[in-house]
Amino acid sequence: MTRIAWASAAPFDTADPDLPLLLEAARRAGLESEVAHWDDTTVAWDAYDLVVVRSCWDYVPRREEFLAWTRTVPRLANNASTIAWNTDKTYLRELENAGVPIVTTSWSAQEGSDLPEARQWVVKPTISAGSADTARWSEPAQALAHGRRLLAAGRPTMTQPYIDAVDSEGETGLLLFGGAYSHAFRKGALLTTDDEPRSEPELEEDIRARTASHEQVAFAESVVATAARITGNTPLYARVDVVPGPDGELRLMELELTEPSFFLEHTSTGADAVVAAVLDELQR
Ligand SMILES: Nc1ncnc2c1ncn2[C@@H]1O[C@H](COP(=O)(O)OP(=O)(O)O)[C@@H](O)[C@H]1O
Ligand SMILES: [Mg+2]
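This write-up is about the structure you can find in this document. Bear in mind that the values here come from a model prediction, so they are computed numbers and not experimental data.

1. Points about the packing of aromatic side chains
Next up, step 1: Under the defined criterion, the tally for this structure stands at eleven aromatic pairs.
Next up, step 2: Look at Tyr59 and Phe66: their rings are 5.3 Å apart centre to centre, the planes differ by 25 degrees, and that puts the pair in the stacked class. For the pair formed by Tyr59 and Phe66, the shared burial category is buried.
Next up, step 3: The structure contains a cluster of three or more aromatic residues connected by ring pairs, namely Trp38, Trp45, Tyr48, Tyr59, Phe66 and Trp69.
Next up, step 4: Over the face of the ring belonging to Tyr237 we find Arg54, whose NZ or CZ atom lies 5.2 Å from the ring centre.
Next up, step 5: Sitting over the face of the ring of Tyr162, Arg136 holds its NZ or CZ atom 3.6 Å from the ring centroid.

2. Description of the sheet that holds strand 5 (residues 106-107)
Next up, step 1: The strand order across the open sheet formed by four strands is 5-8-6-7, and the pairing between neighbours is antiparallel. With partners counted over all chains shown, the strands left at the sheet margins are strand 5 and strand 7 (135-137), one partner each.

3. Observations concerning the pattern of salt bridges
Next up, step 1: Following the criterion strictly, the structure yields 20 salt bridges and no others.
Next up, step 2: Residue Asp167 pairs with Arg136 through a salt bridge whose shortest N-O separation is 3.2 Å. With Asp167 in helix 6 (residues 165-168) and Arg136 in strand 7, the pair connects residues that are 31 residues apart, well separated along the chain.
Next up, step 3: Assessed through its relative accessible area of 40%, Asp167 is described here as partly exposed.
Next up, step 4: Residue class for Arg136 comes out buried when judged on its relative accessible area of 9%.
Next up, step 5: Within the structure, one salt-bridge network assembled from shared partners comprises Asp39, Asp58, Arg62 and Glu65.

4. Examining the sheet that holds strand 2 (residues 32-37)
Note: strands within a sheet are paired through backbone hydrogen bonds, in either parallel or antiparallel orientation.
Next up, step 1: Strand order in the open sheet formed by four strands is 2-1-3-4, and the pairing between neighbours is parallel. Of all strands in the sheet, those bounded by a partner on one side alone are strand 2 and strand 4 (76-77).
Next up, step 2: In the sheet, strand 1 (residues 3-8) pairs with strand 2 via six bridges, with the strands oriented parallel. In the strand pairing of strand 2, Ile4 is matched with Ser33.
Next up, step 3: Taken strand by strand, helix 2 (residues 63-72) contacts strand 1, strand 3 (50-53) and strand 4, and its axis lies near 155 degrees from that of strand 3.

5. Description of the pairing of strand 6 (residues 121-125)
Next up, step 1: Counting buried residues along strand 6, five of its five residues qualify, which places the element largely inside the surrounding structure.
Next up, step 2: Alternating residues of strand 6 divide into Trp121, Val123 and Pro125 and Val122 and Lys124, and every residue in both groups is buried.
Next up, step 3: Alignment of strand 6 against strand 7, held across three bridges, turns out to be antiparallel. By the bridge assignment for strand 7, Val123 is matched with Ala135.
Next up, step 4: With five bridges connecting them, strand 6 and strand 8 (residues 157-161) associate as antiparallel partners. Bridge pairing links Pro125 to Thr157 in strand 8.

6. Things to note about the side chain of Asp18
Next up, step 1: Looking at the element boundaries, Asp18 is found in helix 1 (residues 18-28).
Next up, step 2: Engagement of the side chain of Asp18 in a polar contact is seen with the backbone nitrogen of Phe263, the distance being 3.2 Å.
Next up, step 3: Polar contacts involving the side chain of Asp18 include one to the main-chain amide nitrogen of Leu264, which spans 2.9 Å.

7. Overview of the site of ligand 1
Next up, step 1: Around ligand 1, a shell composed of 19 residues is seen, among which Lys89, Lys124, Ser131, Glu171 and Glu254 lie nearest.
Next up, step 2: Gln160 has a polar side-chain atom sitting 3.0 Å from a nitrogen atom of ligand 1.
Next up, step 3: One of the backbone N or O atoms of Ile163 is found 2.8 Å from a nitrogen atom in ligand 1.
Next up, step 4: If ligand 1 stood free it would expose 530 Å²; the protein chains cover 98% of that surface.
Next up, step 5: Those elements that provide at least two residues to the shell around ligand 1 are strand 6, strand 8 and strand 13 (250-256).

8. With respect to unusual backbone geometry
Next up, step 1: For the peptide bond that leads from Ala77 to Asn78, omega is -5 degrees, which places it in the cis range.
Next up, step 2: Unusually for a residue other than glycine, Asp194 sits at a positive phi of about 60 degrees.
Next up, step 3: One can find Asp194 in the loop between strand 10 (180-187) and strand 11 (207-209).
Next up, step 4: Residue class for Asp194 comes out partly exposed when judged on its relative accessible area of 32%.

The rules we used
- Residues numbered from 1 in each chain as written.
- Chains lettered and ligands numbered in written order.
- Predicted model: local features only at pLDDT ≥ 70, side-chain atom pairs only at ≥ 80, totals over all residues.
- Heavy atoms only, no water.
- Phe/Tyr/Trp six-rings, centres within 6.5 Å; stacked < 30°, edge-to-face > 60°.
- Buried < 20%, exposed > 50% of the residue type's maximum accessible area, 1.4 Å probe, protein only.
- Lys NZ or Arg CZ within 6 Å of the ring centre and 35° of its normal.
- Pairing = 2+ DSSP bridges.
- Helix = DSSP H or I, 4+ residues; strand = E, 2+ residues; numbered from the N terminus.
- Salt bridge = Lys/Arg side-chain N within 4 Å of Asp/Glu carboxyl O.
- Contact = heavy atoms within 4.5 Å.
- Axes fitted to C-alpha atoms, helices over the stretch in contact; angles between N-to-C directions.
- Polar contact = N/O pair within 3.5 Å; in protein donor to acceptor, adjacent residues only side chain to side chain.
- Near = heavy atom within 4 Å.
- Areas by Shrake-Rupley, 256 points an atom, 1.4 Å probe, with all protein chains shown as cover.

This is the structure we're talking about:
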């Protein structure tokens, strides 16, 4: 019988509402599946026909260890090189160079002249998840000080204009499985102005189902196709988080190919779509 593992992390598997839905969908499709912790040294990863990375939300402070683990798993989705590429947000630069419109970003800004034109700024480490160590500032001096603290700790940064549409229409996340669009959601704003950043990932997010526009779906498909060209692999799962820029045109905020929540409780077909993509992957 085919066996697959959904890889999570000890502190987070009970906080991930996708996991029970994935276990159930796999069972419906006749697949044996279970949750395993990526850093559990007693797990025989080569005993699985496929290991799917899910809520490994503790990888940021342990990135080298996590990437080393991805290289030891014989059949991993998304694959190790995709995850190495995607866990550092400098991948956005490569996508931008390949023609994808991204949120305007200044990399490791140190001086006022490095800041993008904006009313408020968001500063985040290039290696970050769950909006940890990410903050929104109304004063250039605060944005620069936050960036310098991160840089002094050896963490390259990104500084972006705060996208006001996040407060009104929210972010739109689109899920694609096997490169095909599945469903979308709306995420409410997470950052309050001039608040010190949290050091832990945020688990309480304001999520609602959303019907994506044709334009958003086409945008997400083209982002994933571009990433597939760069990494040489169509990802089993991808989440494309988009916002309208100041000009109203769509911009990429983040392409999640590592540990995105799928928000399967907001769709009746999403979990089966993941398992269909898993079955396709097993056929290859
Ligand atoms: N430029 C921005 N404008 C508005 N909100 C932002 C911006 N950058 C980040 N945020 C907020 O911070 C959250 C986390 O940032 P994101 O780039 O998605 O990284 P991650 O989810 O990996 O921590 C976003 O979901 C959004 O709420
Ligand atoms: Mg995000």
